[in-house]
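Structural overview for review
Residue-level listing of the chains:
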Amino acid sequence: MRSSRTRSVATATALAASLALVLTACGGGSGSGSDATGDSTQAAGGDASTDAGAGSGEQIKLTVATFNDFGYTDELFDQYEADHPGVTVEQVKAAKSEDARTNMTTKLGAGGTGLADIEAIEVDWLPELMQYPDLFVDLSDPALADRWVQWKVDQATTTDGKLIGYGTDIGPEAICYRQDLFEAAGLPSTPDEVATLLGGDDATWDTYFEVGKQFVAASDSAWYDSASATYQGMVNQLTNAYEESDGTPKDLATNQPIIDLWTQVTQASADGLSAGLEQWSADWDAAFQKDGFATMLCPAWMTGPIEERAGGVTGWNVADVFPGGGGNWGGGFLTVPASGANTEAAKELAAWLTSPEVQTQAFTSAGTFPSQIEAQSSTAVQEFTNPFFNDAPVGAIFSARAQAIKGAPFKGPNYFSIHTAVQDGLKRVDVEKTDDADSSWAKSVQAFKDLGLS
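Residues numbered from 1 in each chain as written. Predicted model: local features only at pLDDT ≥ 70, side-chain atom pairs only at ≥ 80, totals over all residues. Heavy atoms only, no water.

**Some points on the sheet that holds strand S10 (residues 332–335)**
- Taken in spatial order, the five strands make up an open sheet running S2-S1-S3-S10-S4, and their pairing is mixed. With one partner strand each, in any of the chains shown, strand S2 (87–94) and strand S4 (166–167) form the two edges of the open sheet.
- Relative to S10, strand S3 (residues 118–122) is paired through four bridges, and the arrangement is antiparallel. Looking at S10, one finds that Ala120 is bridged to Leu334.
- The strands touched by helix H5 (residues 97–109) within the sheet are strand S1 (60–67), S2, S3 and S10, with S3 carrying the most contacts at an inclination of about 125°. (Pairing = 2+ DSSP bridges. Helix = DSSP H or I, 4+ residues; strand = E, 2+ residues; numbered from the N terminus. Contact = heavy atoms within 4.5 Å. Axes fitted to C-alpha atoms, helices over the stretch in contact; angles between N-to-C directions.)

Printed below as a string of structure tokens:
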């Protein structure tokens, strides 16, 4: 699963500053990176020899650093090792996206020491790394042309045509909901009925919040889990949320589309629609077992975490609808740091892990929806149902939601830090309840000014 999580602005800024200073000083990486990193190749999981491959007689170990659950199982890596004698693969999995980001940016700032041979990254912090393309192997390969949906490729392609990441999943969004809580509140409850209730093809955020008011008036549960998570789905529908298309940051204090979303989300919290939870927290985990909320924005990868936390709860389902039309939340990439000892072998493994066949397996294993055109249209994806979600036809649902995505919003090098300033503000209002909407917005505006971007 891939999601931007709330982080403090101070931490995000410090990491960005450290990365910029160190990388500017070292001038980036070279093709193999072995000269720049000294003995870091051992820490990165590679052998001291460079680019040993199957049949070369060399024994090499490739490490793959992921976060949450990319759907890469031990059986999958066993299959790769069987087909590539002399290669062993180890996956190192961080619990959350921000943990992986902190690890990667810190080690990049130190010249690449300790990085895995393959590093997974999330789309919201990809733009920061795109500023330093020389630290990554160019993954361009004519043989892989047209493998992915084009907007996914564009996200990881530099202006001069260098591809720094192979796309893994995308995050087409539907609404996951508790059918039993809808029934208890006297609302239509089947997936088709819920889709119609929320507006169908014309679903809007106004309708979503209005139905939420009806629900909370008839239930002891909240309508949704988190203001920050709801805002995430909304802001992902803005073409240029925080920056102009040339990367110029917008003044947050006068950014009317963001102000409008802030007002809408904080008002919904004031109306009692939010459970006031921070996603990935212990309280959020526990709420799944306590009827804490009835709906949540649901990119395909979120089905796995829901099932993990809501085990034994039988009411979950998925509606093929999303306010505002199509939306994409999250999605990962596999990069090959140039500092690795076995960059060619790592590139080969990264290409295999993002092949249509493997992406299909990852979807059926973890719910990570393929970014590959061939995988999306495969029978295995189209006909896949999820027993936990009352046998919802999630393959067909998320395929339909993927078709509603018109393209990727622009996210430049300052997106993550500005977004964090806003998300921290929503947390003060919705979770910590230390500020009202106006005072917290003023603090977010000040945090933006402290970034020194204008």
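**Describing helix H4 (residues 74–83)**
- Considered for burial, the residues of H4 that qualify are Leu76, Phe77 and Tyr80. Take H4 and look down its axis: the buried residues cluster within an arc of 95°, on one side only. Exposed residues lying more than 90 degrees from the buried face of H4 are Asp74, Glu75 and Ala82. (Buried < 20%, exposed > 50% of the residue type's maximum accessible area, 1.4 Å probe, protein only. Arc of directions from axis to C-beta.)

**Some remarks on the pattern of salt bridges**
- On inspection of all chains with the given rule, the structure shows 14 salt bridges.
- Among the salt bridges present, the one from Asp124 reaches Lys411, with a minimum N-O distance of 2.4 Å. Taken as a pair, Asp124 in the loop between S3 and helix H6 (126–130) and Lys411 in the loop between helix H19 (394–403) and helix H20 (415–432) lie far apart in primary sequence, 287 residues in all. For the residue pair Asp124 and Lys411, the accessibility class agrees, reading buried in each case.
- The shortest N-O distance in the salt bridge between Arg178 and Asp180 comes to 2.8 Å.
- With relative accessibility at 3%, the residue Arg178 sits in the buried group.
- Classification of Asp180 as partly exposed rests on a relative accessible area of 29%.
- Taken together, the shared-partner salt bridges in this structure form one network comprising Arg178, Asp180 and Asp291. (Salt bridge = Lys/Arg side-chain N within 4 Å of Asp/Glu carboxyl O.)

**Looking at unusual backbone geometry**
- Even without glycine at this site, Asp146 takes up a positive phi of about 70°.
- Structurally, the position occupied by Asp146 is in the loop between H6 and helix H7 (150–155).
- Although it is not a glycine, Asp291 sits at a positive phi angle of roughly 55°.
- With respect to the secondary-structure elements, Asp291 resides in the loop between helix H13 (282–287) and strand S8 (293–299).
- Judged by its relative accessible area of 34%, Asp291 falls in the partly exposed class.

**Focus on the packing of aromatic side chains**
- Evaluation of the coordinates by the stated rule reveals 30 aromatic pairs.
- Ring geometry for Phe215 versus Trp223: centroids 5.6 Å apart, planes at 45°, classification tilted.
- In this structure Phe215 comes out as buried when scored by relative accessible area, which is 0%.
- Its relative accessible area of 0% is what places Trp223 among the buried residues.
- Where Phe293 meets Trp316, the ring centres are 6.4 Å apart and the plane angle is 70°; that geometry is what we call edge-to-face. Taken together, the residues Phe293 in strand S8 and Trp316 in strand S9 (residues 316–319) connect sequence positions 23 residues apart. (Phe/Tyr/Trp six-rings, centres within 6.5 Å; stacked < 30°, edge-to-face > 60°.)

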